[in-house]
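# Analysis of the macromolecular model
Each chain is listed here by its residues.
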Amino acid sequence: MGLALDPEACYSNIRDVVAEAKQHNNFVRIDMEDSPYTQATIDIVLRLHGEGLTNVGTVIQAYLLRSREDVKQLIKAGVNLRLVKGAYKEPASVAYQQMSEVIDNFKTLIQMHLDQGVYTAIASHDDRIINWVKEYAHKNGIKASAFEFQMLYGLRMSDQAQLAREGYRIRCYMPYGSMWYPYYTRRLAEKPANLWMVVKNMFK
Ligand SMILES: Cc1cc2nc3c(=O)[nH]c(=O)nc-3n(C[C@H](O)[C@H](O)[C@H](O)COP(=O)(O)OP(=O)(O)OC[C@H]3O[C@@H](n4cnc5c(N)ncnc54)[C@H](O)[C@@H]3O)c2cc1C
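In this report, we go over the structure that sits alongside the text. In this text the structure is predicted, and so the values were computed from the model without any measurement. (Residues numbered from 1 in each chain as written. Predicted model: local features only at pLDDT ≥ 70, side-chain atom pairs only at ≥ 80, totals over all residues. Heavy atoms only, no water.)

### Some words on the overall build of the protein chain
Applied cut-off: Counting from the N terminus, the helices are the DSSP runs of H or I reaching at least four residues and the strands are the DSSP runs of E reaching at least two. We take the radius of gyration over the C-alpha atoms and set the globule estimate at 2.2 Å times the residue count to the 0.38 power. Accessible area is worked out with a 1.4 Å probe on protein chains only. A residue is then buried under 20% of its type maximum, exposed over 50%, and partly exposed in between. By the convention used here, residues are in contact when the closest approach between their heavy atoms is within 4.5 Å. With residues, only the protein chains shown are counted as cover, and all accessible areas are computed by Shrake-Rupley using a 1.4 Å probe. Under this rule, positive means Lys or Arg and negative means Asp or Glu; His and the chain ends count for nothing. All charge positions are set by atom: Lys at NZ, Arg at CZ, Asp at CG, Glu at CD.
Secondary structure assignment for the protein chain yields eight helices and six strands. Across the protein chain, helices and strands are ordered from the amino to the carboxyl terminus as α-β-α-β-α-β-α-β-α-β-α-β-α-α. Against the compact-globule benchmark of 17 Å for 204 residues, the protein chain has a radius of gyration of 17 Å, which places it among compact chains. If you line up the protein chain on its principal axes, its C-alpha atoms span 45 × 40 × 40 Å. The burial tally for the protein chain puts 38% of its 204 residues in the buried class. Taking the contacts inside the protein chain whose residues are at least 6 apart along the sequence as the reference set, 60% of them involve residues at least 24 apart. Summing over all exposed atoms, the protein chain offers an accessible surface of approximately 11,800 Å²; the carbon and sulfur share of this is 56%. For the protein chain, the centre of its 25 positive side-chain charges and the centre of its 22 negative side-chain charges are spaced 6 Å apart.

### As for the side chain of Glu148
Keep this limit in mind: What qualifies as a polar contact is a pair of N or O atoms within 3.5 Å, subject to a donor-acceptor requirement within protein and to the restriction that residues adjacent in sequence count only when both atoms come from side chains.
By secondary structure assignment, the location of Glu148 is in strand S5 (residues 147–152). A distance of 2.7 Å separates a polar atom in the side chain of Glu148 from a polar atom in the side chain of Gln150.

### Points about the pairing of strand S4 (residues 120–123)
Just so we agree on the cut-off: Here a strand pair is declared whenever DSSP counts at least two bridges between the two strands. By convention, a crossover is right-handed whenever its connection, traced from the first strand over the helix to the second and viewed with the strands pointing away, goes clockwise.
Burial along S4 is two-sided: Thr120 and Ile122 and Ala121 and Ala123, pointing in opposite directions, are all buried. Both strand S3 (residues 81–84) and S4 contribute to a ladder of three bridges, which runs parallel. Bridge pairing in S4 places Leu81 opposite Thr120. Tracing the backbone out of S3, into helix H4 (residues 99–115) and back to the parallel element S4 gives a crossover that is right-handed. Taken together, the four bridges between S4 and S5 define a ladder with parallel strand orientation. What sits directly across from Ala121, in S5, is Glu148. At this point the chain moves from S4, through helix H5 (residues 127–139), to the parallel S5, and the crossover so formed is right-handed.

### Quick notes on the layout of surface pockets
To be explicit about the condition: In this analysis the probe radius is 1.4 Å and the grid spacing 1 Å, with only protein atoms considered; a cavity is a set of points the probe fits into but cannot get out of, a pocket is an open set with protein on both sides within 12 Å along at least five of seven lines, and lining residues have an atom within 4 Å of a point. Grid points are joined across faces, edges and corners, and a volume is the space filled by probe spheres set on the points. Any residue that is not Ala, Val, Leu, Ile, Met, Phe, Trp, Tyr, Cys, Pro, Asp, Glu, Lys or Arg is counted as polar, Gly included; the first ten are nonpolar and the last four charged.
The volume enclosed by the largest pocket comes to roughly 1,300 Å³. Secondary-structure elements contributing two or more residues to the lining of the largest pocket are helix H1 (7–23), strand S1 (28–30), helix H2 (38–50), S5, strand S6 (170–173) and helix H7 (180–190). Looking at the lining of the largest pocket, the element that brings in the most residues is H7, giving four residues. Broken down by class, the residue content of the lining of the largest pocket amounts to 20 nonpolar, five polar and eight charged.

### As for the nonpolar core
This is how it is decided: Throughout, nonpolar core names a set of buried Ala, Val, Leu, Ile, Met, Phe, Trp, Tyr and Cys residues whose side chains join them through atoms within 4.5 Å.
Of all hydrophobic cores here, the largest spans 50 residues; its most connected members are Ile110 and Phe147. Of the residues forming this core, the biggest block, seven residues, is contributed by H4. When sequence neighbours within four positions are dropped, the list of residues in contact with Ile110 reads Leu83, Ile122, Ile129, Trp132 and Val133.

### Thoughts on the packing of H1 against H2
Our working rule: Angular values range over 0 to 180 degrees, each being the angle between N-to-C directions of two axes fitted as lines to C-alpha atoms, with helices fitted over their stretch in contact. Between 65 and 115 degrees an angle is taken as roughly perpendicular, under 35 as roughly parallel, over 145 as roughly antiparallel, and anywhere else as oblique. Note: crossing handedness is left-handed where the near helix turns anticlockwise from the far helix by less than a right angle, and right-handed where it turns clockwise.
For the pair H1 and H2, the least separation of the axes is 11 Å and the interaxial angle reads 50°. Judged on the interaxial angle alone, H2 and H1 are oblique. Regarding H1 and H2, the two cross each other, and that crossing is right-handed. Between H1, through Glu8, Cys10, Tyr11, Ile14, Arg15 and Val18, and H2, the contact on the second element is made entirely by Ile44, Arg47 and Leu48. Looking at the contact of H1 with H2 residue by residue, the classes come out as six nonpolar, no polar and three charged.

This is the structure we're talking about:
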């Protein structure tokens, strides 16, 4: 959308998309890229909300040290968030380096949403997160309609169906259209381990 070239042009591009989506009663989620773009992405979302375009949300990464503060601010502004572990290699100056720390922070961010009754999207294929959310919701009388799980198309498809059968909301993230191949190769370049995961899942 042009963020690395000209933040103002990027804002204008995204505004057009979000305004068009609003006409169709639709919602736009802006993915989160690596940490140099975190603040700029949040700024765009908050600016759109300030203009009354509230049908736009973004993504918060549990590996970032700043994320608790971001979630506090974004919840206050009523922004719909997707929570993820985070997909990029980030330095220790900005991100937790141990998976156990990322998981603990992920749980804290989810809890901040659920305890305040704010709808949240939890995007993870990790059973440690999924089972924790189910247990936490059950113990605290939180309805399954208060959150949704999200997974990538092609990964854990039978578990996605199982979650739906259990009464949970599950959204499947699916690239489509003519640009699917560049999107896919970029995702693989970010995390080559995904290639093995995709191949394994094709034969499941
Ligand atoms: C819908 C969606 C949107 C996303 N958007 C963003 C974004 O905007 N910005 C961003 O930085 N990141 C995004 N991500 C990526 C995210 O940050 C993580 O990098 C990615 O989801 C991997 O972390 P994980 O929690 O899924 O578990 P992983 O760390 O990949 O896996 C944890 C464990 O889960 C189990 N597992 C995982 N996959 C399988 C499988 N197929 N079969 C069996 N077991 C499995 C394994 O035990 C594995 O060790 C998104 C992810 C999803 C699902």
